[in-house]
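# Structural overview for review
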Amino acid sequence: MSSGAPASTTVAQIAEEWDSYQEIPAIDEAYAEALGDQFAGQFSGATPDYLEQLAARLGWSPQARVLDAGCGTGGLTAALAARTGCTAVGLDASPAAVRVARTRLAGRPEADRVSYAVGDMGDPDLAPGSFDAVLAIGSGYWSDPVTTTRHWRELLRGDRPAVVVVISRILRPQTARDIELTLQEGLFAPHPDWETALRAAGFDIEVRDLTEPDAECVERLYAALARRLPALRSQMGDAAGQRYLAEVKVLRDEHRAGRMRRTEIVARFGGGRDTA
Ligand SMILES: C[S@@+](CC[C@H](N)C(=O)[O-])C[C@H]1O[C@@H](n2cnc3c(N)ncnc32)[C@H](O)[C@@H]1O
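Described below are features of the structure shown in this document. Not measured: the values here are computed from a predicted model. (Residues numbered from 1 in each chain as written. Predicted model: local features only at pLDDT ≥ 70, side-chain atom pairs only at ≥ 80, totals over all residues. Heavy atoms only, no water.)

### Concerning the overall build of the chain
Along the chain, the regular secondary structure elements total 11 helices and 7 strands. Taken over C-alpha atoms, the radius of gyration comes to 18 Å for the chain, in line with the 19 Å a tight globule of 276 residues would show. With respect to the principal axes defined by its C-alpha atoms, the chain has extents near 50 × 45 × 35 Å. Looking at the chain as a whole, 53% of its 276 residues qualify as buried. For the chain, the separation between the mean place of its 30 positive charges and that of its 39 negative charges on side chains is 3 Å. (Helix = DSSP H or I, 4+ residues; strand = E, 2+ residues; numbered from the N terminus. Rg over C-alpha atoms; globule rule 2.2 N^0.38 Å. Buried < 20%, exposed > 50% of the residue type's maximum accessible area, 1.4 Å probe, protein only. Lys, Arg positive; Asp, Glu negative; His and termini not counted. Charge placed at Lys NZ, Arg CZ, Asp CG, Glu CD.)

As structure tokens, this is what we get:
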């Protein structure tokens with residue numbers, strides 16, 4: 001997959017791409033080193049502490065049922081359930097990521113409150129009115145925000161349901177080289193515009209900047225991956241290992257140049273009293 005814009009990238013392409021990053025020991029070790037938690041996020045920089053604080057801000061009770069859209073290897077899904085007592089469902093396009101997520105979950109105390117499924121977060125095959133919140137951390141690059149928001153609205157229940165999108169965007173025009181390296185046209189401004197889509201769908205939104213902690217995380221991650229380049233090349237293949245490192249280098253360099261923004265968008269529906 002080398003040329004997909006968000007609107008034209010298919011779920012099969014997303015799956016193929018993310019399948020190729022799974023069960024690569026050098027990647028797992030680098031994330032564990034950068035994030036300090038082997039079950040933490042995958043290419044996301046979010047941590048269990050961040051999720052716990054988010055859940056407290058939004059007032060999620062143990063009765064809450066939360067969809068983790070684009071859950072990857074599920075570390076954050078499980079951490080959310082473990083830290084808050086809520087029920088969490090992780091959905092990802094990558095069958096390999098979901099397989100890893102299920103293996104890692106087995107035997108953990110929160111296992112009976114967490115489940116994972118393979119599917120398209122932009123058009124999820126899940127029961128309407130069955131979630132109190134949808135979370136999309138580092139996953140909203142390839143789904144159209146307008147249609148996805150409409151589908152998520154149908155999934156939500158209760159007086160004041162929430163959607164939380166955490167997304168990084170690079171504030172300069174993309175080059176062909178960027179796309180070749182990052183495969184993520186959506187990283188480059190102004191696409192995808194979740195804020196406008198959520199507002200247009202009737203959500204009240206609050207935006208916070210997470211650029212600084214993300215920059216620190218990306219620095220640590222790049223350093224951890226760069227030290228493992230020989231292992232990356234032997235475990236992924238020469239070209240793929242090299243490209244993986246180059247992708248993270250784009251992110252690190254854009255942060256260093258001050259052209260990268262990591263944004264948390266909290267969207268609440270219903271207009272009642274806000275607990276945040
Ligand atoms: C950067 S990873 C983030 C994983 C996780 N949220 C975390 O923070 O650790 C992005 C994930 O989103 C998934 N993804 C992207 N678009 C998707 C879609 N339309 N449907 C399902 N999963 C998707 C990818 O397969 C990948 O696992």
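### Structural notes on the packing of helix 9 (residues 211–227) against helix 10 (residues 229–236)
Close contact between helix 9 and helix 10 brings their axes to 4 Å; oriented N to C, the two are set at 70°. By the angle between their directions, the pair helix 9 and helix 10 is classed as roughly perpendicular. Contacts between helix 9 and helix 10 involve Leu225, Ala226 and Arg227 from the first element and Leu229, Pro230 and Leu232 from the second. In terms of residue class, the contact of helix 9 with helix 10 is built from 5 nonpolar, no polar and 1 charged. (Axes fitted to C-alpha atoms, helices over the stretch in contact; angles between N-to-C directions. Parallel < 35°, antiparallel > 145°, perpendicular 65-115°, else oblique. Contact = heavy atoms within 4.5 Å. Nonpolar A, V, L, I, M, F, W, Y, C, P; charged D, E, K, R; others polar.)

### Structural notes on the nonpolar core
In terms of nonpolar packing, the biggest core is built from 54 residues, with Trp152, Val163, Val165 and Leu198 touching the most fellow members. The contacts of Val165, once residues within four sequence positions are left out, are Ala136, Trp152, Trp194, Leu198, Thr263, Glu264 and Ile265. (Core = buried A, V, L, I, M, F, W, Y, C linked by side-chain atoms within 4.5 Å.)

### Focus: the packing of aromatic side chains
The way to describe two aromatic rings as a pair is by their centre distance and the angle between their planes. Applying the stated criterion across every chain yields a total of 6 aromatic pairs. Note on Tyr141 and Trp142: the rings are 5.7 Å apart at their centroids and 75° apart in plane angle, and the pair reads as edge-to-face. Aromatic ring contacts, followed pair by pair, group Trp18, Tyr21, Tyr141, Trp142 and Tyr244 into a single cluster. One Lys or Arg, Arg65, reaches over the ring of Phe131 and ends 4.4 Å from the middle of that ring. (Phe/Tyr/Trp six-rings, centres within 6.5 Å; stacked < 30°, edge-to-face > 60°. Lys NZ or Arg CZ within 6 Å of the ring centre and 35° of its normal.)

### Re the environment of Glu110
Inspection of the secondary structure assignment puts Glu110 in the loop between helix 5 (95–105) and strand 3 (114–118). Overall, Glu110 belongs to the buried group, its relative accessible area being 3%. Residues Glu110 and Cys86, spaced 24 residues apart in sequence, show a C-alpha to C-alpha distance of 9.3 Å. If we ignore the near neighbours within four places in the chain, the residues touching Glu110 are Ala78, Ala81, Ala82 and Leu105. Polar side-chain contacts of Glu110 include one of 2.8 Å to the side chain of Arg108. (Polar contact = N/O pair within 3.5 Å; in protein donor to acceptor, adjacent residues only side chain to side chain.)

### So, helix 10
An α-helix turns once every 3.6 residues. As a result, residues three or four positions apart point the same way. Every buried residue of helix 10 is listed here: Leu229, Leu232 and Met236. Looking straight down helix 10, one finds that the buried residues subtend no more than 55° of arc, so they occupy a single side. Those residues of helix 10 that are exposed and angled more than 90 degrees off the buried face are Pro230 and Ser234. In this structure, the buried residues of helix 10 make contact with helix 2 (25–35), helix 9 and helix 11 (238–256). (Arc of directions from axis to C-beta.)

### Here we look at helix 2
All of the buried residues in helix 2 are Ala26, Ile27, Ala30, Tyr31, Ala34 and Leu35. Buried residues in helix 2, looked at end-on, bunch into an arc of 145°, giving them a common side. Residues of helix 2 that are buried in the fold lie against helix 9, helix 10 and helix 11. Two residues or fewer past helix 2, Gly36 is found with a positive phi of approximately 70°.

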